[in-house]
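# Structural overview for review
Each chain, letter by letter, is given below.
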Amino acid sequence: MKKVSGRSKTIIILAVLMVAGLIYFSADVMINGSSWSIHPGNGNLYSGGNLSTGMVRDRIGDILVQSGADGRSYSNNPAVRTALLHLTGDSYGYIPSIVLNEYGAEISGYDSLNGVFSLDREDAELKLTVSAKVSSVAYEALAGRKGCVGVYNYKTGELICMTSSMSYDPLDMPDISEDTTGVYDGVFVNRFVSSTYVPGSIFKLVTTAAAIETIPDIFEQSFYCDGDVEVEGDTIVCAGVHGEIDFRTALARSCNCAFAAIASQVGAEVLTEYANKALVNESLSFDGLTTAKGSFVLSDKTQSNVAWAGIGQYTNLINPCAYMTFVGAIGNGGTVVYPHLLYSVTGGGVMDIQYGQTVTGDTVLSYETCRTMKEMMRNNVLTVYGDPYDLNICAKSGTAEIGEGIEPHATYAGFLDDEEHPLAFIVIVENGGSGSAICGSIANEVLNEAVKMMDSE
């Protein structure tokens, strides 16, 4: 009897373990089944390293890329194909289609009962927030220079333009291994998402916000600029000789002497706090994309280092997408709205349609601070940069020094103070020189096209 009783207990234990294992496996399938189903090793869904099902359209329905049994097809417009390469991917597998891969389960018709089986995959479709037209205008405006352009709606988070240069036509890939000129250096990198840059004077927006909120008499102060200033034996050079100027004029003229003094008043701790508010040290994740993390670290808090950091140099680095998001928060009264790419996704006859969502973050600046900064940034445009299309642009330019004897990067960031066209933007041109001269003209063209696009919708 003891032997029978022992065997019964063993059988019961094994049965319990089997049931527990089935429950665990079933739960694991429910949680991870969609990602397992679209693994690149699944030959039913992948061909040549590319997902072989699904269509991607831009915000007005123009086809960007379509995958099927016969491979991939792209937009009929080579300018669009080139401008959006880092979003749609290529046919060679060197650059993946991030959005197709991210929403592979949905467009393949995956569900927990049938797996990826679908009676009809022809309806599988992604519709994105980006505009093919605006993106191609941005790429053409970059005119073969390395850099990036980003534009998004700071109220809804819709990413309208995400263009990285250099690029290539996915239907006519150059022999990059034979490139001896360096033209295609970094071509596989989405500079808007995956790069970081020395910001230059666009970082003065962070210092300005900190000064407004922590220095009570900042607008009563005056500063003197004779072309350079000594800080602890280190010479900080200004691009001009501005004489005696106030805070507003210091931002408009991008006076390094004034902002060195302002940064010293703000101090290392507060400047670091506001760099964090500006998302500089944060990595954003949305729709299969994860941005590179910028850097603001003042471990050596000498007055000289604080001054250099406050004017956007020292070891400062920003990610274009994250910094655009911060500038959008200024336009939005201080509240961060994170960017997103997805407008809608429709599965292959099984999944219901899903829509992209607006994701709101923290309120990083007060409404009054943002109202003041809007006025100051608008003053920059009216008195220095120009607004040829009368778009009510509020902006700050930068000329980012990256090394002795090397042409500086040109940077430009801002937003439209316009309820009907709430657009924030960033333009970076590597080794472009002056931010307002080079990037300002690019931004004007792209924003004008974006406004026309919104008016036509």
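The structure we're discussing is the one just above.
Residues numbered from 1 in each chain as written. Predicted model: local features only at pLDDT ≥ 70, side-chain atom pairs only at ≥ 80, totals over all residues. Heavy atoms only, no water.

### A few points about the overall build of the chain
As a reminder of what qualifies: Per the convention used, a helix needs a DSSP run of H or I reaching at least four residues, while a strand needs a run of E reaching at least two, with both numbered from the N terminus. Working definition: with a 1.4 Å probe on protein chains only, accessible area under 20% of the residue-type maximum means buried, over 50% means exposed, and in between means partly exposed. What makes two residues a contact is simply this: any of their non-hydrogen atoms within 4.5 Å. Using a 1.4 Å probe, accessible areas were evaluated by the Shrake-Rupley method; residue-level cover was limited to the displayed protein chains.
Counting its regular elements, the chain contains 15 helices and 21 strands. Classification of the 457 residues of the chain by burial places 54% in the buried group. Here the contacts in the chain between residues at least 6 apart in sequence split such that 67% fall between residues at least 24 apart. For the chain, the exposed area adds up to about 19,500 Å²; of that, 52% sits on carbon and sulfur atoms.

### What about the pattern of salt bridges?
Under the convention used in this document: Salt bridges are identified by distance alone: a Lys or Arg side-chain nitrogen within 4 Å of an Asp or Glu carboxyl oxygen.
Inspection of the entire model under this criterion finds eleven salt bridges. With a closest N to O distance of 2.9 Å, Glu-125 and Arg-57 form a salt bridge. Taken together, the residues span a long stretch of sequence, with Glu-125 in strand E6 (residues 125-128) and Arg-57 in strand E3 (residues 55-57) at a distance of 68 residues. On the basis of relative accessible area, Glu-125 is assigned to the partly exposed category, the value being 24%. It is possible to trace a salt-bridge network through shared partners that takes in Arg-59, Glu-158 and Glu-457.

### So, the packing of aromatic side chains
By convention here, two paired aromatic rings are described through the distance between centres and the angle between planes. Note the following rule: When the centres of two rings from Phe, Tyr and Trp lie within 6.5 Å, Trp using its six-membered ring, the rings pair. Their planes under 30 degrees apart give stacked, over 60 give edge-to-face, and anything left gives tilted. Criterion for a charge above a ring: Arg CZ or Lys NZ at most 6 Å from the ring centre, at most 35 degrees from the ring normal.
Per the stated rule, a full pass over the model turns up ten aromatic pairs. Members of the aromatic cluster, each reached through a chain of ring pairs, are Tyr-94, Tyr-168 and Phe-188. The ring of Tyr-274 has Lys-277 sitting right over it, with the charged end atom 5.3 Å from the ring centre.

### Considerations on the side chain of Ser-201
Note the following rule: Counted as a polar contact is a pair of N or O atoms within 3.5 Å, where, for protein atoms, one must be capable of donating a hydrogen and the other of accepting one, and residues adjacent in sequence contribute only when both atoms are in side chains.
Looking at the element boundaries, Ser-201 is found in the loop between helix H7 (191-194) and helix H8 (204-214). Residue classification places Ser-201 among the buried residues on the basis of a relative accessible area of 9%. Engagement of the side chain of Ser-201 in a polar contact is seen with the side chain of Ser-254, the distance being 3.0 Å. Apart from the residues lying within four places of it in its own chain, the contact partners of Ser-201 are Ser-254, Asn-256, Ile-311, Lys-396, Ser-397, Gly-398 and Thr-399.

### What about the nonpolar core?
In plain terms, the rule: Buried residues of nine kinds, namely Ala, Val, Leu, Ile, Met, Phe, Trp, Tyr and Cys, make up a nonpolar core once their side-chain atoms join them within 4.5 Å.
Residues Phe-192, Tyr-323, Phe-326, Leu-365 and Ile-426 are the most contacted members of the largest nonpolar core, which totals 91 residues. Looking at this core, the element that brings in the most residues is helix H13 (residues 320-331), giving eight residues. Discounting chain neighbours no more than four positions away, the residues touching Phe-192 are Cys-148, Val-149, Gly-150, Leu-159, Met-162, Ser-164, Asn-319, Pro-320, Cys-321, Met-324 and Ile-426.

### Focus on the environment of Ala-138
By the secondary structure assignment, Ala-138 is in helix H6 (residues 132-142). With relative accessibility at 0%, the residue Ala-138 sits in the buried group. The spatial distance from the C-alpha of Ala-138 to the C-alpha of Gly-150 is 8.8 Å, given a sequence separation of twelve residues. Excluding residues that lie within four positions of it along the chain, Ala-138 makes contacts with Val-149, Cys-161, Thr-163 and Val-446.

### Quick look at the packing of H6 against helix H15 (residues 435-456)
Going by this rule: Axes here refer to lines fitted to C-alpha atoms; in helices the fit is confined to the stretch in contact. Angles between the N-to-C directions go from 0 to 180 degrees. Each angle gets one of four labels, with under 35 degrees taken as roughly parallel, over 145 as roughly antiparallel, 65 to 115 as roughly perpendicular, and the rest as oblique. Working rule for handedness: look at the near helix, and if it is turned counterclockwise from the far one by less than a right angle, call the crossing left-handed; if clockwise, right-handed.
For the pair H6 and H15, interaxial distance at closest approach is 9 Å and the crossing angle is 170 degrees. In terms of axis orientation, H6 runs roughly antiparallel to H15. The chirality of how H6 crosses H15 is right-handed. Listed contacts from H15 to Lys-133, Val-134, Val-137, Ala-138, Ala-141 and Leu-142 of H6 are Ile-442, Glu-445, Val-446, Glu-449, Ala-450 and Met-453.

### Brief notes about the pairing of strand E7 (residues 147-153)
Selection rule: Any two strands with at least two DSSP-identified bridges between them are counted as paired.
With seven of its seven residues buried, E7 lies for the most part within the structure. Side-chain alternation along E7 places Gly-147, Val-149, Val-151 and Asn-153 on one buried face and Cys-148, Gly-150 and Tyr-152 on a second face that is also buried. Judged from the six bridges that link them, E7 and strand E8 (residues 159-165) form a sheet pairing that is antiparallel. If you follow Gly-150 over to E8, its bridge partner there is Met-162. Hairpin remark: E7 followed by E8, antiparallel, with five residues in the connecting loop; positive phi at Gly-157, about 90 degrees. Pairing of E7 with strand E21 (residues 423-429), which is carried by seven bridges, proceeds in the antiparallel orientation. Directly across from Gly-150, in E21, lies its bridge partner Ile-426.

### What about the sheet that holds strand E20 (residues 409-416)?
Pairing is antiparallel across the open sheet formed by five strands, whose spatial order is E8-E7-E21-E20-E19. The sheet is open, and its two edges are formed by E8 and strand E19 (393-400), each paired on a single side. Adjacent strand axes in the sheet meet at a mean angle of 5 degrees, parallel and antiparallel pairs treated alike. Across six bridges, E20 lies against E21 in antiparallel orientation. If you follow Gly-414 over to E21, its bridge partner there is Phe-425. Of the strands in this sheet, E7, E8, E20 and E21 are in contact with H13, which crosses E21 at around 145 degrees.

### Overview of the environment of Asp-246
Mapped onto the elements of the fold, Asp-246 is located in strand E12 (residues 243-246). In this structure, the C-alpha to C-alpha distance between Asp-246 and Gln-221, residues 25 residues apart in sequence, is 6.4 Å. In this structure the side chain of Asp-246 is engaged in a polar contact, spanning 3.4 Å, whose partner is the backbone nitrogen of Arg-248.

No statement about biological role is implied by the geometric values presented.
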